[in-house]
Structures are given as structure tokens and as C-alpha cells.
Amino acid sequence: MAANPASARHAAGVYRRSIGAYLRSIAEYPADFWVMAISGTFWQIVLFAFLSILFDNVNAIAGWGYHEMLILAGFLATSWGSTALFWDGIWDTGKLIIEGDMDYRITRPAPVLIQVASKHVGMQVFGDVTIGVLMMTVGWIGAGISAAAIPLALFLLLCAAVIQASLLTIANAANFWMKGRTPVVAFMLAELQNESMRFPLTIFPAAVRLIFTFGLPLAFASFIPVQIITGKLDLWWLAAPPIAAAATALLAVLAYRAGLKAYDSAGH
Amino acid sequence: MASVDLAFATIAFKRKIAYKTTWLFSVLFGGWALLAGLAVWNHLLGDGEIGGYDWDAMKAYLIIGFLTSTLAWAGSDWEMANRILDGLVSIDLTKPVDFQRARAAEYIGGMTASVPAAIVGTVIAALAFRPAGPASPLAAALTLLSLLFIFPLAFGISYLATLCCFVTQRFLGIQWAKDSMVAFFSGLMVPIALMPVWLQGIAWAMPFVHFTTTPASIYLGRVDTAGALGLIAAEAAWAAGLWIIGRLIWRQLVKKVTIHGG
């Protein structure tokens, strides 16, 4: 993608203007904004309620108490949800391929991945992230974690958001070969994560744990960082999330580039 | 049922089975959610019980949840919503068929396409995990009867959700909100019996509870025969009630249809 500082600056400029234009367009349709933002809160409220009900009946899940579980759920909601703010356009990859719209993106003088990812903002992010941060805050205070760890949490959230966006990019890039409007692989990624990563990975069989740590590194985007924050893991683990973020980002760029090479436009 | 209803249902059925990948993925998603649920509750329950569910009963509960959610999420919400969003509804208004009845036939036809996969998945899960059996043969029969009501109930709820498209420009957010309500208040995420009493009251006062809790309670004998018949009567009442509410809301909202161009 951006090989030298000048083209990196250019790509950043394109990205900023593209996202900015979409954000301004939201102001034109306020009702839509509120429907999406409020519906974004629904699932997170339900998850909050689920954890509260569960911990009315049990004391811990695999050694994780209520407040630690809230941090896990909140961290996941915030890192996953935030991709809707800065990388939501990626979900349109399949549609752009099938409709032949990718042609226009290829001919424009800016990185294709940047153009696609910034073409849309998922307004549910405002609901998702609000309740996510609320869950993390309640968990944080309840678990008695020092405020001094907040910069650490922000750094881990940033790494997690990069991992999430990269995995989403790879999953959506699968549509270059699968030829379908629906991003089924990306849906599967969302569903896998939603169903399993809100619980401590230790409750699952060893094979599942290994896959989610090294095969599909979702653990680096929620389970491992939350263990670092809550002091369940030594601080030297801190090196793992940024390495995972860099590696998945590189893979994402390569996957999208390979996809664009395989793209043969729509027949007319 | 008139032949026109059957024709709508058949077309929706065929359309649904034509998209095999979507169909396959819906079962895979459900299967994954079931496995994750089994891992969680196995860990939590051990040899004990929570809210009156021991491990064998919880396995049955989760498998029933898999079956009901596979059916409930198999309808074509988006096709109904898009008719309103794209303005196709204006053409529907000129046709000599009732809009709600035609959509119901299509929706239930589409759901029917997922029945074989739901049954195969349930049988595999039952063989693999050996859940508790039904409380009695009568309970088993009444469970099946209660499952049949999922068809009109799923339509009724989805139809009301899609009618919101008359006032919004998009369906995605509405669908998320609806799916969250169904997942939570059906007892799919966490059994209703574990909720605080006030929340149980709210859950039982809504139609969503009949998607998982009602069939599972009848199957496991958590309600006696009279209770089971009462729950089935409640399902029938909701099916009829949602139908009438749909009619009343339609009558108001159809006045809002904006037809672009001329």
C-alpha cells in the first residue's frame, strides 16, 4: 500500500475526507442515526443483563468474577464495535465485487483498501461503544483496578481494534474468490466471536483454545488483553497484542492485494 | 388455505432452498451457538443444578433452543422489509391479494425450508449429547404442538418489525433490536427461571417467551398437563393477537407510503 511518507500522507488524507463526508451526511438523516445508535445498545444491554442474571446464580466462571466478566464483555464490545466507526465500509467488499463497482475504486489514485473501508460508518457504533465503555467502567470500579492502568487499557484497546479490523478485512476479502454479495465468512467471524469470546476461553476444550489463540487470533483482541488488565497474566504478555496487531494488519493488506489481483470485474 | 396462499408459500420455499450456502450457514451458526452454550453450562453446572436445571435437563433445554431458534430465524424478514423500503408495496396494493396474508404465506413457506435441517441438527445433537428425555409421552406430544405455534408467532413478530420500515429508511437496526429481544426474552441466552421475579413477569407477559421457554418447560415437565395446555392457549392467543395488531398498524401506516417518480 503506502510505500513512502508522501503516499502514506495522501492515503491518510483520502481516508479522513471520506469518513468525514459520511459523518456529515449522518446529520441529514437524524432519525436513521437514532434508530441505529439505539439498536446498537440493545444487544449490549441484553449482554449486560445476561451477565448480571448469571452472576445472581453463580459466583464465578472459570475463576472469573462478575466484574472481570463485565470488563471482558465491555472490552469486546468496544474493540469490535469501534471497527464500525473507522472500518465499516469493508463489509461492502462483496457487493462492490459482484456489481463491478470495484472498477471505479481501482482506477482512482488512492489505495483501494482505504477507499473501500472508509466509504461507510456503522452508526450502531455509538450505541455499542457507549454500553461497552459503561460495562468496562462498572467492572473496572467493582474489580478495584487502579486508575493508573487506564493508559494501558487504551493501548490494548487500540491493538484489539486493529486486530478486529484486520480479521474483518481478511474475512471480507474471501469474497474476491467466493463470488457472493453476502460476506458469509465475515458473518461467521462475527458470530464465532460473539458466541464464544464473551466467556473466558478456558471453559472451552483445548482444541478450541488453540484455534482462537494461534489460528484465528481472536484471543489477542479480548481474552488476553483483559487478563493483562485484571492482573491474571504477567506484564511481559504486553508484547503479544501489538505483535498480533502488526501481523494481522500485514496479512490483511496482503490478502486484499491478492484479492484485487484475482478480481476480474463483472461481466456485461 | 386458498391456493393463492399455497402458491406464495411454495415460491418462498423454493427461493429459500435455492440459496444453499445461506441455509447451511444458518444451521452452522446455530450449531456453534449450541456447542458454546453446552461448554458454558457444563462448566457452570458440574454435578449440581441451577434454577432447577441439572446437566441432563440443561442439555435438553439447549437443544430445544437450537431447534426453535433455527426455525425462528429462518424466515425472510429482509424480503418483507425490502418490499416496503423499495416501494414495491405500492404495486402490492394494486394486487387482488391481501398484503399481510400473502406475506404470511411467504414467510411460513420460507421457514418450512429450514425444517429438515433443523430436524437433522436436533437428531445429531440428541444422539451426541444424550439429553434428558421428555417427562411423558403426552408431554412430548404437547411439546410438538407448542413448536408448531412458532410459525405464526415468528411471522407476527417479524411483520410488526418490518412495518417499522414505513417510518425509517433502513431495516438493519430494527432487525438487530428484534433479534436481541427474541434471544433474551425467549430464554435462549439464559433460562427465564434464573431471572429476578420482576423480570420473569415481564418475560412471561411478552410473546418471545414461547420460542424456547414454553416448549422446553412442557418437554421437561416443569409444568403439568393443565399448565402445558394453558401455555399453548397463550401461544394461540398471541398468534391471533399479533395478527390483529399487524392489521391495525398496517391500516395507519399504509397512508404513509411515498411513491417516487411518476
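Above this text sits the structure in question.
Residue positions are given per chain, counted from 1 along the sequence in the order it is written. Key to labels: chains lettered from A, ligands numbered from 1, both in the order written. Local features in this predicted model are restricted to residues of pLDDT 70 or higher, and side-chain atom pairs are both shown and tallied only at a pLDDT of 80 or more, whereas totals for entire chains, interfaces and linings draw on every residue. To get the side-chain values, take all heavy atoms of the structure and skip hydrogens and water.

1. So, the overall build of chain B
So, step 1. Helix and strand content of chain B: 13 helices and zero strands.
So, step 2. Counting from the N terminus, the helices are the DSSP runs of H or I reaching at least four residues and the strands are the DSSP runs of E reaching at least two. What you see in chain B, going N to C, is helices and strands ordered as α-α-α-α-α-α-α-α-α-α-α-α-α.
So, step 3. Only the C-alpha atoms count toward the radius of gyration. The rule for a globule is 2.2 Å times the residue count to the power 0.38. In terms of overall size, chain B behaves like a compact globule, its C-alpha atoms giving a radius of gyration of 19 Å where 262 residues would be expected to give roughly 18 Å.
So, step 4. Its C-alpha atoms give chain B principal-axis dimensions of about 70 × 40 × 35 Å.
So, step 5. Only protein chains enter the area calculation, which uses a 1.4 Å probe; residues under 20% of their type maximum are buried, those over 50% are exposed, and those in between are partly exposed. Counting across all 262 residues of chain B, residues that qualify as buried make up 50%.

2. Notes on a nonpolar patch on the surface
Residue and element names in this part refer to chain A.
So, step 1. The patch calculation keeps residues exceeding 30% relative accessible area without a salt bridge and links them within 9 Å when they carry like charges or within 5 Å when they are nonpolar (Val, Leu, Ile, Met, Phe, Trp, Tyr). Note on areas: Shrake-Rupley with a 1.4 Å probe; residue coverage comes only from the protein chains shown. The working definition used for a salt bridge is a side-chain nitrogen of Lys or Arg within 4 Å of a carboxyl oxygen of Asp or Glu. On the surface, a cluster of nonpolar side chains totalling about 220 Å² of accessible area is made up of Leu-23, Leu-85 and Phe-126.
So, step 2. Mapped onto the elements of the fold, Leu-23 is located in helix α1 (residues 5-26).
So, step 3. Relative accessible area serves as the criterion here: at 35%, Leu-23 is assigned to the partly exposed category.

3. Observations regarding unusual backbone geometry
So, step 1. Unusually for a residue other than glycine, Ala62(A) sits at a positive phi of about 50 degrees.
So, step 2. With respect to the element layout, Ala62(A) can be found in the loop between α2 (30-57) and α3 (66-86).
So, step 3. What makes Ala62(A) partly exposed here is its relative accessible area of 31%.
So, step 4. One non-glycine residue, Arg130(B), lies in positive phi territory at about 45 degrees.

4. Quick word on the nonpolar core
So, step 1. By nonpolar core is meant a set of buried Ala, Val, Leu, Ile, Met, Phe, Trp, Tyr and Cys residues that side-chain atoms within 4.5 Å join together. Judged by nonpolar contacts, the single largest core of 144 residues is most densely connected at Met102(A), Tyr256(A), Trp41(B), Phe184(B) and Phe211(B).
So, step 2. Here, two residues are considered to be in contact whenever any of their heavy atoms come within 4.5 Å of each other. With sequence-adjacent residues up to four places away left out, Trp41(B) is seen in contact with Leu54(A), Gly46(B), Ile50(B), Trp55(B), Met58(B), Leu62(B), Val190(B), Pro191(B) and Leu194(B).
So, step 3. Formed by eight residues, the second largest nonpolar core is a distinct cluster that contains Phe33(A), Ala37(A), Val121(A) and Met123(A).

5. Describing the interface of chain A and chain B
So, step 1. Taken together, the contact between chain A and chain B spans 34 residues of the former and 29 residues of the latter.
So, step 2. A simple way to read buried area is as the amount of 1.4 Å-probe accessible surface that goes missing from two parts once joined, with both sides added. Between chain A and chain B, the buried area comes to about 2,800 Å², and carbon and sulfur atoms account for 81% of it.
So, step 3. For the interface between chain A and chain B, the tally reads zero salt bridges.
So, step 4. Here a polar contact is recorded for every N or O atom pair within 3.5 Å, except that within protein the pair must consist of a potential hydrogen donor and a potential acceptor, and residues adjacent in sequence are included only if both atoms are side-chain atoms. Where chain A touches chain B, the interface holds three residue pairs in polar contact (both at pLDDT 80 or more).
So, step 5. Of all the secondary structure elements, the ones that give two or more residues to the side of chain A that touches chain B are α2, α10 (184-196) and α11 (206-215) of chain A.
So, step 6. Take the side of chain A that touches chain B: its biggest share by element is 13 residues, from α2(A).
So, step 7. When residues are sorted by character, Ala, Val, Leu, Ile, Met, Phe, Trp, Tyr, Cys and Pro go into the nonpolar class, Asp, Glu, Lys and Arg into the charged class, and all the rest, Gly among them, into the polar class. Residue composition of the side of chain A that touches chain B, by class: 25 nonpolar, five polar and four charged.

6. Details of the environment of Leu62(B)
Residue and element names in this part refer to chain B.
So, step 1. In this structure, Leu-62 sits in helix α3 (residues 55-72).
So, step 2. Looking at Leu-62, the relative accessible area reads 12%, which means it is buried.
So, step 3. Linking Leu-62 and Gly-133, residues 71 residues apart in sequence, is a C-alpha distance of 13 Å.
So, step 4. The contacts of Leu-62, once residues within four sequence positions are left out, are Leu-34, Gly-37, Leu-38 and Trp-41.

7. What to know about the packing of aromatic side chains
So, step 1. Only rings of Phe, Tyr and Trp enter the pairing, Trp through its six-membered ring, and a pair is recorded when the two centres are within 6.5 Å. The plane angle decides the type: under 30 degrees is stacked, over 60 is edge-to-face, the rest tilted. By the definition in use, this model includes 22 aromatic pairs over all chains.
So, step 2. The interplanar angle of 40 degrees and the centroid separation of 6.4 Å between the aromatic rings of Tyr15(A) and Trp87(A) together place this pair among those described as tilted. Within this pair, whereas Tyr15(A) is found in helix α1, its partner Trp87(A) is found in the loop between α3 and α4 (93-98), the two being separated by 72 residues in sequence.
So, step 3. A centroid spacing of 6.5 Å and a plane angle of 80 degrees characterise the contact between Phe176(A) and Tyr263(A), whose relative ring orientation is edge-to-face. On the criterion of sequence distance, the pair formed by Phe176(A) in helix α9 (residues 175-178) and Tyr263(A) in the segment after α13 (240-262) is long-range, its members being 87 residues apart. Of the two residues, Phe176(A) and Tyr263(A), neither departs from the other in class, the shared state being buried.
So, step 4. These aromatic residues form a ring-pair network of at least three members: Phe99(B), Tyr107(B), Phe155(B), Tyr159(B), Phe166(B), Trp243(B) and Trp250(B).

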